[in-house]
Amino acid sequence: FPDSLIPMAKMAEGYNALVYSPQITQVEMHESGLTNFVAGVVPDDVGASAAASAAYAEGARNAVLMTSDSAGSWSAKTPEWFGAAFEKLGGKVVGRFNHTIGTSDWSPQITDIMKISPAPDVVHICSVVPDVGILAKQLSAAGYKGWVAGCDGFDDPSLEATVGSDEVLSRVMFATHTPMVGTPAGAFIEQCKKDGFKVNGIFDALGGDMIRILVDAAINAGTTTDGAKILAALKARDSFELVTGGTLSFKEKGTWPIRTVPVIGFESGKRVVLRNDTPSFLPHSK
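What you are looking at is a predicted structure, and each value in this text was computed from that prediction instead of being measured. (Residues numbered from 1 in each chain as written. Predicted model: local features only at pLDDT ≥ 70, side-chain atom pairs only at ≥ 80, totals over all residues. Heavy atoms only, no water.)

**Student:** Please clarify how the sheet that holds strand β4 (residues 92-98) should be interpreted in this entry.
**Tutor:** The strands making up a sheet associate through hydrogen bonds between their backbones, and the pairing can be parallel or antiparallel. The seven strands lie next to each other as β4-β3-β5-β6-β7-β10-β11, forming an open sheet whose pairing is mixed. Single-partner strands in this sheet number two, and they are β4 and β11 (270-277). Across the sheet, the mean angle from the axis of one strand to that of its neighbour is 25 degrees, orientation sign disregarded. Sheet analysis places strand β6 (residues 147-150) next to strand β7 (residues 172-175), joined by three bridges and oriented parallel. Note on β7: the bridge partner recorded for V148 is V172. The sheet strands contacting helix α2 (residues 44-57) are β5 (122-125), β6, β7, β10 (261-267) and β11, and the helix crosses β10 at an angle near 40 degrees. Contacting β5, β6 and β7, helix α6 (residues 131-141) crosses the sheet at an angle of about 160 degrees to β5. (Pairing = 2+ DSSP bridges. Helix = DSSP H or I, 4+ residues; strand = E, 2+ residues; numbered from the N terminus. Axes fitted to C-alpha atoms, helices over the stretch in contact; angles between N-to-C directions. Contact = heavy atoms within 4.5 Å.)

**Student:** I tried to follow the state of the cysteines on my own but got confused; where do I start?
**Tutor:** On inspection of all chains with the given rule, the structure shows one disulfide. Paired through a disulfide, C126 and C151 show a sulfur-sulfur distance of 2.2 Å. Taking the torsion about the sulfur-sulfur bond, which here is approximately 95 degrees, the covalent link between C126 and C151 counts as right-handed. Within this pair, whereas C126 is found in the loop between β5 and α6, its partner C151 is found in the loop between β6 and α7 (159-163), the two being separated by 25 residues in sequence. The class of C126 is buried, set by a relative accessible area of 0%. C151 sits in the buried class, given a relative accessible area of 6%. (Disulfide = S-S within 2.5 Å. Buried < 20%, exposed > 50% of the residue type's maximum accessible area, 1.4 Å probe, protein only.)

Everything listed here is a matter of geometry and, on its own, says nothing about what the molecule does.
Now the structure itself:
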């Protein structure tokens, strides 16, 4: 998170060191004025826009936003950015509720959600497993039939077991960083396991991309020790091939990449890619 990564990057500036985070999504990193930092994934508002497009395409028109200050802008602002993108598409935000990370009893919020008219058909929350899986289960038990949409916090291998129902999962979607399905990432992760590394999925694959990109940039820069030259090489190159699928480029945005944002859903309990494109509407980032 930025509260530790920003001071780390500021310290690194004195050593001409490049700080590259494969999974940081919070917008504060890109607004800090740091000149030695790049992220491997898009900011939260870009992911929120992708999730909003997917929810709208699936027929959702009335949204409830679940916000929390527990994890800074990631949990507090991402749902609001979803709402902004959703309303730009023609949807409407019909309710807002607060929560804290670590919630296991969602009955107070669910009671109020079920009273809303017009009834919401998508609830957006940016939080972690097991919280979000429990929310989906409890919403369904209360009679809610709409979507539960979220962010990369949903992208945990234990989500399916936490939800425990294929029917409930079929109404869950989330924006993340790599579709995994249909990319070389799956084979990469399996090879890591065979080589004796303890890996867990998406973030390990993003770390693999980090190494590939930095090696390519160092080769192009002709140095492995000059952070400024490596950063310049990162920004000069048109695109980098990714083990997580597709390409990315730092030429346009500098500290964050232009890359597609997959939105994952479920069919018969299995993850599927609902869409995988680059959002044109940015609710916050420039």
